[in-house]
Amino acid sequence: MKSSGRWAAAAILLVLGGVALFFLVTRGGGTASDRAARSLANRPSARSSFTEPTSAPRLIATGSIAGRVLDERGQPVAGARICARGSADDLSDEQLGLPFCTETDGAGAYQVTALLPAAYDLDASARGYKPGRHDVDRRGAIAVAAGQKREGVDITLRSGGVELVGRVRDIGGGVVPGATVHVYPAGLGAWSKQAAAARTTADGEGEFRVFVAPGLVDVSAQAPAYGRGSVSASAPGNSVEVLLTPEAVLSGRVVRIDGETVAGALVRSGPIDGSSWNGQRSALSGDDGRFTLTRLGPGRYKPTASHDEGVGTAAASVRLGLAERVGDVEIVMHAAVTVTGKVLIAPGDTPCEQGSVTLIDRPLDRRGSGSIGPGGAVAIRAVLPGSYDVHVACHRRPRSEARLVVGAKGTGPQRWLVGGGQKVTGTVYDSAGAPLAGVAVRLGASGGDPRGSRESSMGETGADGSFSIEGVAPGAYSAWAVGPGVPASRYSKSIEVKAGEDLRDLALTLETGGGVQGSVLDERGRPVAGARISTHGDHGHHGAGDAHANAEGRFQLSGLLPGAWRLSVSREGRALRRAGSRDDDVQGERITVAENEITQVTLRVEGEDGVIRGRVTEAGRPVADALVDARRESESASADPAGSRRALRGGWGRRPAVTDGEGNFELRSLSVGKYTVRAFRRGGGEALVEHVALGASVTLDIRPTSGATGTVGAEAGPPESFTLTITNAAEGFRREETFWRTDGRWELNELPPGNLRLTVASKEGTAETTVVLKEGERKEGIALRLAPRARLRGRVISFETGEPLAGMIVGAAPAGQGIRVETDSSAERRQITDAEGRFELENAPSGRVWVATIPRDRNRATHGFGKVRAELRAGETIELPPIRCPSLRLKRPARAGDLGFTLKQTPPDPEDRPEVRTVAVVRPDGPAAAAGMQAGDVIVSVDGIDVTGANDYLYFTLSEVGSRQRIRLGLASGRELVIVAGAPL
């Protein structure tokens, strides 16, 4: 039966004598342009709707949050802007994508109304103040149930805010009026009160003004009919410009297997090709099953849909060009269930009020999660039958784990318990013994059971420098503190939290730091406005944040630990070389920072005056609205020839140029060198020209793309889910795409011609083939047969002593693909070595593989990574020879000393042959030159240890030594060189 219409058009009723608004639950309607027009005209609250599943229309009461905004003296702040940013599992970007905002009255009072049932972060900003964030009972976000009125939510603003001025433009240079602007401090987690955002709305000329905390900030903007744009800046500084891209739109419909439409499905999609134009977007399907994802940037998308009763994903991905609209995507929904339950805090069964529950089926790579709401209730939608690990995270409580088997008809209500944990309290001081406010304190688990849970806890100091971190699980921790404008401790402090005992009076002392003031100028003495200055200390710290140069090229850095630092300069993601230098020269400026002193420096970098013009065509006809980007080709003897092609295909380094109606484009702000230029258009197809000189006019002719289709089979039939990876290492091309419940069928479009390696991986096994595609060719019927996976066992030991190494994470991948060792949070317990160094991988790929291991606790690691190559027989259990990991020669976090040479970059090798360490560049004034090294030398040993063949991986760890340490390198020619490492670069 066709899905019934669950929601009608929105209706708003005002309840006399009250403040609550009631919304008739709706799915929205109208075209994208209609919605954009309404968005400009109405406040966010006037177009929002709630999406609780129901079979008939019903009214949902909206809630509110009220309180006061005060300064540090307790006085009211009038005219402060308050914004509530919500999140909910079952609401889309159309409903919660923009914040709900209001302003305080003369008494500092506010009330944010028309809030949908969701969890809200509340930020406040005002002229002359730093932005502030609520902290209700240290519980994080504020949960607002249907019709609930939350009161007494006060926010304190502290003086010292500085003004940030900017303008929002579109990619063509026109202004974007009415854009919503968000400004966040850079480098702080969202949990921190110091990470409070300033939010405002651009005026009719696209201009905006906000007051923020001094330092590095991230500025983002969004507007109807545009994708989101962002930029980094320093406050105070020069005027910020945020560029928005006209939106691409992806629409389609959600249907059941029998073709009937599905209403109320939450459809999500983000770019799957690594492009960074936009994050994930979401929308709800209407009564006719139709959905529309708006405000997308150019890129490749593959939307998924979830529902109380089903889940699905598009059969093939879609590539969207600038402002392109695609409207024929179909998502087939398969039956699923909703898992419900409660999270309670033991002892006493007090409901957890905030957090999440995550279900993980590792063999099938399935994940689902739900947010914990009022009363500890949680609902996880679109869960497929299977056996799941359950990870329960309650705010300010230790995490807990459980197991859950979900059948075809679901499960009954669940009951998950979390412990209360212990409390860690203390104070953060500066070197003179004065307490420090607004400093982040972090606890990272270390030691203990090598396969045990690893948790981190966080807190923040108040006005008196004190902090209190609740819900800390018993165990060993490293404690450290960091804050804006103050230097961190060089090393963390080890503590132990015992069961049933709170840890009190922990004292953390931060060193006294110094600062840097200076200018960034090009070779003609002109200021380089907007240049980003990054810091790298010899001790391994990166300072308290980068800085941006203002309109006069001036910048200031604070909170730097005393010692040697190197300052490097970039602009819009492009590294800027020193004026008059080349790629093989050491870049940046080395300085020394002293306690309580300001170091003055002038950074002179290459100018960016170059221009490349051209035209984009297809079969001789101009292509309008094509995107064009360029990447400077490295002149270094060590460079990978395909490096620029790979970088251009891997994402956007700058905002690309857009061709006009005649296909013409102009790329500006280019530094000296030759460039690879790439263009791509709507509907697919690209053109790429290399070695383009500045001032040249180039024609980029987009050629027809190729495609391939086929099937994946296994002994028991087609796999439910599989991932295809297609690469051309020589051209720097790589794409990865997952297919789910397609009966083994797959389709890949917009492929470049050439020799393409196609690999497939699934729970059932792996397979590989080579596909040769001609320009415009489409090959069909490519059959891939999965070879069953293998079970892998082994040990990880010290290279030097043979002793077992516990707490190492192990992963395996087909040869030549590169390996992704799981992170600590997602690794299966048996992937982590136990006290005897043993591990087990149940689903290793068969055939030629390499197995790698990395330390779980990298900050306290004593050994580097290890690697072995192996041939695994399908369906068998294999006992590997021990994986040997060399001891680290450099104590973390210190940086490695400079050896004075650079190796030839090795492009990805499909055959995964052992790497040959060929010296490409020897700097004339460096340690290697003094030892007699020459370009072309091949390194075969380090301190007498062979680093060729199966031992090729040892080179990286063995060659990382500290400043003034000696290292002996054996060469293929039979010579040996002793190099004394210089200061870190």
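Residues numbered from 1 in each chain as written. Predicted model: local features only at pLDDT ≥ 70, side-chain atom pairs only at ≥ 80, totals over all residues. Heavy atoms only, no water.

1. Quick notes on the overall build of the chain
The condition is simple: We count a stretch as a helix when DSSP gives it H or I for four or more residues in a row; a strand needs E for two or more, and each element gets its number in order from the N terminus. Summary of the burial criterion: residues with accessible area below 20% of their type's maximum are buried, those above 50% are exposed, and those between are partly exposed, where the area comes from a 1.4 Å probe applied to protein chains only. Any two residues having at least one pair of non-hydrogen atoms within 4.5 Å are treated as being in contact. Here the open area of atoms and residues is found with the Shrake-Rupley method and a 1.4 Å probe, where only the protein chains shown may cover a residue.
Along the backbone of the chain there are five helices and 81 strands. Here the chain, with 985 residues, has 50% of them falling under the buried criterion. For the chain, long-range pairs separated by at least 24 residues make up 67% of all intrachain contacts whose partners lie at least 6 apart in sequence. Accessible surface computed for the chain: about 41,400 Å², of which carbon and sulfur atoms make up 48%.

2. Considering the sheet that holds strand 59 (residues 686-693)
Here is the rule we go by: DSSP bridges decide pairing: two strands pair if at least two such bridges lie between them.
With respect to topology, four strands assemble into an open sheet ordered 56-55-58-59, the strand pairing being antiparallel. Edge strands, defined here as strands with exactly one partner in the open sheet, are strand 56 (657-658) and strand 59. The sheet contact formed by strand 55 (residues 627-632) and strand 56 spans two bridges and is antiparallel. Following the sheet pairing, leucine 627 is matched in strand 56 by valine 658.

3. As for the side chain of serine 400
Applied cut-off: Two N or O atoms count as a polar contact when they lie within 3.5 Å, although within protein this holds only if one can serve as hydrogen donor and the other as acceptor, and sequence-adjacent residues are included solely when both atoms are side-chain atoms.
On the secondary structure map, serine 400 appears in strand 36 (residues 400-406). Taking relative accessible area as the criterion, serine 400 reaches 16% and is therefore assigned buried. A distance of 3.0 Å separates a polar side-chain atom of serine 400 from the backbone oxygen of leucine 417. Once residues lying within four places of it in the same chain are set aside, the contact partners of serine 400 are Val390, His391, Val392, Leu417 and Val418.

4. What to know about the sheet that holds strand 63 (residues 733-740)
Spatial ordering of the open sheet is given by 63-62-65-66-68, a layout of five strands whose pairing is antiparallel. At either margin of the open sheet sits one strand with a lone partner, and together these are strand 63 and strand 68 (787-788). In this sheet, strand 63 lies alongside strand 62 (residues 721-728) in antiparallel orientation, the contact comprising eight bridges. Along strand 63, the bridge assignment pairs threonine 727 with arginine 734.

5. Focus: the packing of aromatic side chains
To be explicit about the condition: Only rings of Phe, Tyr and Trp enter the pairing, Trp through its six-membered ring, and a pair is recorded when the two centres are within 6.5 Å. The plane angle decides the type: under 30 degrees is stacked, over 60 is edge-to-face, the rest tilted. Criterion for a charge above a ring: Lys NZ or Arg CZ within 6 Å of the ring centre, and within 35 degrees of the ring normal.
Tallying each qualifying case throughout the model produces five aromatic pairs. Their ring planes at 55° and their centres at 6.0 Å tell us that phenylalanine 865 and tyrosine 953 sit as a pair that is tilted. Of the two residues, phenylalanine 865 sits in the loop between strand 72 (847-855) and strand 73 (866-872) while tyrosine 953 sits in the loop between strand 79 (945-946) and helix 5 (954-958), which places them 88 residues apart along the sequence. With 6.3 Å between their ring centres and 40° between their planes, phenylalanine 865 and phenylalanine 956 make a pair best called tilted. Note that phenylalanine 865 is positioned in the loop between strand 72 and strand 73 and phenylalanine 956 in helix 5, a separation of 91 residues in sequence. Assessed through its relative accessible area of 40%, phenylalanine 956 is described here as partly exposed. Here the aromatic cluster, defined as three or more aromatic residues joined through ring pairs, consists of Phe865, Tyr953, Tyr955 and Phe956. The ring of tryptophan 850 has lysine 867 lying over it, and the distance from NZ or CZ to the ring centre is 4.2 Å.

6. What to know about the state of the cysteines
We count it as follows: Defined by distance alone, a disulfide is two cysteine sulfur atoms within 2.5 Å.
As enumerated under the stated definition, the model contains two disulfides in all. Paired by a disulfide, cysteine 83 and cysteine 101 hold their sulfur atoms 2.1 Å apart. Measuring handedness by torsion sign, the sulfur bridge of cysteine 83 and cysteine 101 sits at about 110° and is right-handed. One end of the pair, cysteine 83, is in strand 5 (residues 81-87); the other, cysteine 101, is in strand 6 (residues 100-103), with 18 residues separating them in the sequence. Using a relative accessible area of 1% as the deciding quantity, one classes cysteine 83 as buried. The buried category is assigned to cysteine 101, whose relative accessible area is 12%. Disulfide pairing places cysteine 352 opposite cysteine 394 at an S-S distance of 2.2 Å.

7. Here we look at the side chain of arginine 566
The condition that has to hold: This count recognises Lys and Arg as positive and Asp and Glu as negative, with His and chain-terminal groups excluded. We define a salt bridge as a side-chain nitrogen of Lys or Arg found within 4 Å of a carboxyl oxygen belonging to Asp or Glu.
Among the secondary structure elements, arginine 566 is positioned in strand 49 (residues 563-571). Of the buried charged residues, arginine 566 lacks a salt bridge, with aspartate 538 as the closest side chain of opposite charge at 6.8 Å. Among the polar contacts listed, one links the side chain of arginine 566 to the backbone oxygen of glutamine 587, at a separation of 3.2 Å. A polar atom in the side chain of arginine 566 sits 3.5 Å from the backbone oxygen of glycine 588. The residues touching arginine 566, leaving out its near neighbours within four places in the chain, are Ser534, Thr535, His536, Val586, Gln587, Gly588, Glu589, Arg590, Pro984 and Leu985.

8. Section: unusual backbone geometry
Here alanine 235 and proline 236 are connected by a cis peptide whose omega angle stands at -5°. Within the secondary structure, proline 236 sits in the loop between strand 19 (229-235) and strand 20 (240-244). A cis geometry characterises the amide bond from alanine 346 onward to proline 347, with omega recorded as -5°. Counting through the fold element by element, proline 347 comes out in the loop between strand 30 (337-346) and strand 31 (350-351). Even without a glycine there, the phi angle at asparagine 596 is positive, about 55°. Here asparagine 596 is to be found in the loop between strand 51 (589-593) and strand 52 (598-605). The class for asparagine 596 is exposed, based on a relative accessible area of 64%. Of note, the phi angle at glutamate 750 is positive, near 55°, even though the residue is not glycine. Mapped onto the elements of the fold, glutamate 750 is located in strand 64 (residues 745-751).

9. Notes on the pattern of salt bridges
Counting across every chain of the model gives 60 salt bridges. In this structure, arginine 577 and aspartate 583 form a salt bridge, with 3.1 Å as the shortest nitrogen-oxygen distance. The exposure class of arginine 577 is buried, given its relative accessible area of 6%. Residue aspartate 943 pairs with arginine 889 through a salt bridge whose shortest N-O separation is 2.4 Å. With aspartate 943 in the loop between strand 78 (938-942) and strand 79 and arginine 889 in the loop between strand 75 (883-885) and strand 76 (901-903), this residue pair connects regions lying 54 residues apart in the sequence. Overall, the relative accessible area of 25% leaves aspartate 943 in the partly exposed class. The structure contains a network of salt bridges with shared partners spanning Arg577, Arg582, Asp583, Glu606, Arg632 and Glu635.

10. Details of the pairing of strand 24 (residues 290-296)
Within strand 24, five of the seven residues are buried, which leaves the element mostly enclosed by the surrounding structure. Note that strand 21 (residues 248-256) and strand 24 share five bridges and pair antiparallel. Following the sheet pairing, arginine 253 is matched in strand 24 by arginine 290.

11. Structural notes on the environment of histidine 391
Structurally, histidine 391 can be placed in strand 35 (residues 386-394). It is 8.8 Å that separates the C-alpha atoms of histidine 391 and arginine 403, two residues lying twelve residues apart in sequence. Excluding anything up to four places from it in sequence, histidine 391 contacts Ser356, Val357, Thr358, Ile360, Arg362, Ser400 and Glu401.

12. Quick notes on the environment of glutamate 690
Considering the arrangement of structural elements, one finds glutamate 690 in strand 59. Taking C-alpha positions, glutamate 690 is 8.5 Å from glutamate 633, a pair spaced 57 residues apart along the chain. With near-sequence residues (within four places) excluded, glutamate 690 lies in contact with Glu633, Pro641, Arg645, Tyr675 and Thr676. Here the side chain of glutamate 690 touches arginine 645 through a polar contact of 2.4 Å, side chain to side chain.

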